[in-house]
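What follows is the residue order along each chain.
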Amino acid sequence: MADSTPLLSDSDKPPELKRPPRSLDETIERCIGGFGWLQIFQAILVSLAWVFDAQQTFISVFTDAEPSWHCTDESVCNSFSNICQLPKSSWSWDWPAHTSIISEWGHQCSTSFITGLPASSFFMGCLVGGLVLATLADSTLGRKNMLLFSCLMMSLSSILTVFSSNIWIYSSLRFINGFGRATVGTCALVLSTELVGKRWRGKVGVVGFFCFTLGFLSLPVMAYVNRGSSWRTLYLWISVPTILYCILVHFLVPESPRWLFVKGRKEEAVTTLKGMAQTASALTMSFSNVLIEQESLDDNVDIYSSIRILLNKRWAAQRLSAVMVTGFGIGMVYYGMPLSLGNLSVNLYLGVTLNALSELPASLITFFLIGKINRKDSILGFTILSGVCSVLCVVMGRVWPSLQIATELISFFSACAAFNMALIYTLELFPTCVRNSALSMVRQALVFGGVFSPLLVAAGRKNNLISFGVFGIAIGICGLPLIGLPETKGGIICDTIDEEEHKQNQKGAAAIPILA
C-alpha cells in the first residue's frame, strides 16, 4: 500500500538517509516525463486557443472589405467609373449593404485612414496589450488564469462589436479586442509546454502552430457559409465558441506546476503533479528536497519585475535583444508577404489561398524536425532562405514574372517556419520565472515588424524593390544576432535566474557571459 504520509515530509529522516537535492526540472520529469492521454488532451485543449487567436487576427479581411458593385443606370455609369463621382441612384452593391462595415456605414469614399482605422486599432491594441499584460502570467495571475482572462476579453469585446453603430465605436472595440488577444498565443504556448516532459516539449509547442493555421483556414469557410449575411454574424461565430472554450479550460486544465513551485505554492504544485503523475512511484515521491532557490524570489514584487530582471541581467538582456531583433525581421515578412500579393502578376485569391496553405507544411516540418535539428541553426537557415527568395521576387518580376509567385511562396513558407522555431527557441532560452514575459516581448517584436509592412507594400506598388527587396534584406540581417546565443536543443529548462546562471557557469565556455 502506498505511503500515506505527506509528500513534503523528508526532513524527519537521518542525514545519511535523506535524498540528495533534485532540481525542479528533474523532479517534474520524474512525474510527467511520459506522455499520457490526459496530458495529450490537456495540451491540445490549451493549444486550441490559437484557433481563436487566428480568427480574431484575420477576421477584418472579410468584415472590413469593400464589396463589389454594379451599375444600375448605364447612361451615366460603367465598370470603369469612379464610384465616388457617380450619383447613388446609378449603382448598387452586389451584396446587401450589411455584409461589410464599408457598405453599411457608407465609407466607400472615405480616406484610407478611416477605412484602415479598425485594422490599425486592432494591431495597436496588440502592441499595448503585449506591453501591459506581458508580465502578469509570470508574476501574479499565472499561465492558466492569464489565458482565461485574455480569451474572455477577446470574446466579450467581439460580442460588443456586434452592437457597433459607427466606425469610431467599432475601432475602439477592435482596439480592446487586440489588447486582450495580445497574450493568448504566448500563454497557450508556455502553458502547454510546461504541462509535459522535456521529450515532448517541442512537439507540443508545434501543435499550437497547427491550430493557428486551422483558425486562419476556418475563416474563409465561415465567411462563405455566411455570405450575404451581416458582418456581425461572423463576429458571433468566432466569439461564442471562445466562451465555451474558456469554460472547458477552467475545469479541465491545471495551472503550470512549474509556475506554482517558483511562486512558492508547493502544496498546489504537488497536488497538480499527483494528478498528472504517470507512474505509481511518482505519487509517493517526496518533494521536500527539490532544489529551487525560493529565497531569490520576492512574492511581493510588482508585475513588471520580470522585465526588470531581463534588463538588469546582462546575459538575459543580450538574449532578449537578439531574439527580438530576429522577431522583428521575421514579422515584417510574415505579415508583409500576404499584403504584397496585390503587387504581383498573380490572381489575388489564388495567392492568398496558397499563402495560407503554406503555413501547414511549415508547421509539419517544424513538428517532425523539432527533435532532430538545432533551434538556432534552423532559424538562421530559414531567415536566410526567406531573405534570398524575397529579393529574387524582385528579379523574377523583371525577367521571369511567372516564377515570381513561386519565390514569394518559398519566402513566406521560410518565414512561417522561422516564426515557429523562434517561439520554441525563446521558451527554451529563458527560465520559468521570466519565460512568459520574454516570449511576450518577442511576439511584440513580431507584431512591431508587421506595423511597417503595409507602408512598404504601398510604396512597392510602383517598385517591388521597396517592398520585397527591403523584406529580404531585413529578415536576412535580423537573423544574424542569433549567432552569439547558446543552443537549447535537448537542454534542461531552468526555473530561476540563479539556476540558469549556475548552469551556464558549469558549462564554462558559454556563448554569452553570465554576469550578475
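For clarity, every value in this text was computed on a predicted model and none was experimentally measured. (Residues numbered from 1 in each chain as written. Predicted model: local features only at pLDDT ≥ 70, side-chain atom pairs only at ≥ 80, totals over all residues. Heavy atoms only, no water.)

A. Representation of the overall build of the chain. Secondary structure summary: the chain contains 24 helices and 4 strands in total. Buried residues in the chain amount to 54% of all 516 residues. In the chain, the proportion of contacts linking residues at least 24 apart, taken out of those at least 6 apart, comes to 82%. Carbon and sulfur atoms make up 66% of the accessible area of the chain, which totals about 21,700 Å². (Helix = DSSP H or I, 4+ residues; strand = E, 2+ residues; numbered from the N terminus. Buried < 20%, exposed > 50% of the residue type's maximum accessible area, 1.4 Å probe, protein only. Contact = heavy atoms within 4.5 Å. Areas by Shrake-Rupley, 256 points an atom, 1.4 Å probe, with all protein chains shown as cover.)

B. View of the state of the cysteines. Applying the stated criterion to the full structure yields 2 disulfides. Between the sulfur atoms of C84 and its disulfide partner C109 the distance amounts to 2.1 Å. Its S-S torsion of approximately -115 degrees makes the covalent link between C84 and C109 left-handed. With C84 in the loop between strand 2 (69-71) and strand 3 (91-93) and C109 in the loop between helix 5 (101-104) and helix 6 (112-133), this pair connects stretches of sequence that are 25 residues apart. Assessed through its relative accessible area of 40%, C84 is described here as partly exposed. Cysteine pairing for the chain (bonded cysteines numbered in sequence order): 1-2, 3-4. With no disulfide partner, C187 has as its closest neighbouring cysteine sulfur the one in C151, 8.6 Å distant. Lacking any disulfide linkage, C389 is separated from the closest cysteine sulfur, that of C393, by 7.4 Å. Look at C389 and you get buried, because its relative accessible area is 7%. (Disulfide = S-S within 2.5 Å.)

C. A look at the environment of L219. With respect to the element layout, L219 can be found in helix 11 (residues 198-225). By relative accessible area, L219 is classed as buried at 1%. Note: C-alpha distance between L219 and V61 (158 residues apart in sequence) is 9.3 Å. Leaving out residues up to four positions away in the same chain, L219 has contacts with A54, Q55, F58, I59, F62 and I238.

D. The arrangement of the pattern of salt bridges in detail. All told, the structure shown has 5 salt bridges when counted by the stated rule. Here E268 and R265 are joined by a salt bridge, their closest N and O atoms 2.8 Å apart. Take E268: its relative accessible area is 39%, and that puts it in the partly exposed class. (Salt bridge = Lys/Arg side-chain N within 4 Å of Asp/Glu carboxyl O.)

E. How the structure looks around the nonpolar core. The biggest cluster of nonpolar side chains holds 110 residues, and the ones touching the most others in it are W50, L147, Y245 and L423. In terms of residue count, helix 21 (residues 404-429) provides more of this core than any other element does, 16 residues in total. Counting residues in each nonpolar core, the second largest holds 6 residues, with W259, L260, V270 and L273 among its members. (Core = buried A, V, L, I, M, F, W, Y, C linked by side-chain atoms within 4.5 Å.)

F. Focus on the side chain of S60. Mapped onto the elements, S60 comes out in helix 4 (residues 60-63). Excluding residues that lie within four positions of it along the chain, S60 makes contacts with A65 and A119.

G. Broad picture of the packing of aromatic side chains. Under the counting rule described, the total for this entry stands at 16 aromatic pairs. An angle of 70 degrees between the planes, with centres 5.8 Å apart, marks the rings of W105 and Y170 as edge-to-face. Of this pair, W105 sits in the loop between helix 5 and helix 6 while Y170 sits in helix 9 (residues 167-181); the two residues are 65 residues apart in sequence, bridging distant segments of the chain. Among the residues examined, Y170 registers a relative accessible area of 0% and is labelled buried. What links up through ring pairs into an aromatic cluster is the set F122, F123, Y334, Y335, F412 and F419. (Phe/Tyr/Trp six-rings, centres within 6.5 Å; stacked < 30°, edge-to-face > 60°.)

H. Local environment of helix 14 (residues 266-276). Of all the positions in helix 14, only A269, V270, T272, L273 and M276 are classed as buried. Buried residues in helix 14, looked at end-on, bunch into an arc of 165 degrees, giving them a common side. Exposed residues lying more than 90 degrees from the buried face of helix 14 are E267 and T271. (Arc of directions from axis to C-beta.)

I. Structural view of the environment of V76. Checked against the element boundaries, V76 lands in the loop between strand 2 and strand 3. Among the residues examined, V76 registers a relative accessible area of 44% and is labelled partly exposed. Measuring from C-alpha to C-alpha, the distance between V76 and L86 comes to 7.6 Å, with 10 residues separating the pair along the chain.

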